[in-house]
Amino acid sequence: MTTLQTGALLHQQRYRIRQPLGRGGMGAVYLAEDLNLAGRLVAVKENLNNSEEAQRQFRREAVLLANLRHPNLPQVIDFFVDARGRQYLVMEYVPGENMQEVIAAQGVLPIDEALDCIDQVMQAVAYMHRQRDPDTGRARAIIHRDIKPANIKRTPEGR
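Residues numbered from 1 in each chain as written. Predicted model: local features only at pLDDT ≥ 70, side-chain atom pairs only at ≥ 80, totals over all residues. Heavy atoms only, no water.

### Things to note about the nonpolar core
Then step 1. Leu-68, Leu-73, Met-99 and Met-128 are the most contacted members of the largest nonpolar core, which totals 14 residues.
Then step 2. Secondary structure elements with two or more residues in this core: helix H2 (99-106) and helix H3 (111-129).
Then step 3. Those residues in contact with Leu-68, other than ones at most four positions away along the chain, are Leu-73, Tyr-127, Met-128, Gln-131 and Ile-142.
Then step 4. By size, the runner-up hydrophobic cluster in this structure holds 12 residues, among which are Leu-4, Ala-32, Tyr-88 and Val-90. (Core = buried A, V, L, I, M, F, W, Y, C linked by side-chain atoms within 4.5 Å. Buried < 20%, exposed > 50% of the residue type's maximum accessible area, 1.4 Å probe, protein only. Helix = DSSP H or I, 4+ residues; strand = E, 2+ residues; numbered from the N terminus. Contact = heavy atoms within 4.5 Å.)

Encoded structure:
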């Protein structure tokens, strides 16, 4: 079950929900249009867990991700809390299929394609592990705790 309906408007009527993209244990993700930048598609991640710890963790995720710039990671565009206290993270929309869908449709990937995919994922992971605290300059590796085929997208260009 999704909590947002197609056509719903969020964040001072800036984002219009087009359709649900997926749902996990902690949140749901929707395809939306940024009405301030007509035609720009974004992914809106809704935090479904309202516990204090989950809220704190989601906000921390938003701040960390907003500062990342890597070609294999979607860029975070916005973060907001609605009038009901629900949290939302707005990211660049990455078109294409997730790798779970790709594998379900075509079966085992050819080894060259699989290695290329793994290499691109590992470039992003290595980048996250090299992060430094902007205030202290100390290493502060970002650990992605949910790397799985369903969370890896392949664009129409093969990235």
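### Things to note about the pattern of salt bridges
Think of it this way: side chains of opposite charge can pair up when their charged atoms draw near.
Then step 1. This model, assessed by the stated rule, comprises nine salt bridges.
Then step 2. Ionic pairing is found between Arg-14 and Asp-34, a salt bridge with its closest N-O pair at 2.8 Å. Placement of Arg-14 in the loop between strand E1 (9-10) and strand E2 (15-23) and of Asp-34 in strand E3 (residues 27-34) is noted, with a sequence separation of 20 residues between them.
Then step 3. The buried category is assigned to Asp-34, whose relative accessible area is 0%.
Then step 4. A salt bridge links Arg-154 to Glu-113; the shortest N-O distance between them is 2.3 Å. Placement of the pair is Arg-154 in strand E8 (residues 153-154) and Glu-113 in helix H3, with a sequence separation of 41 residues.
Then step 5. Beyond isolated ion pairs, a larger network of salt bridges with shared partners links Glu-52, Glu-53 and Arg-56. (Salt bridge = Lys/Arg side-chain N within 4 Å of Asp/Glu carboxyl O.)

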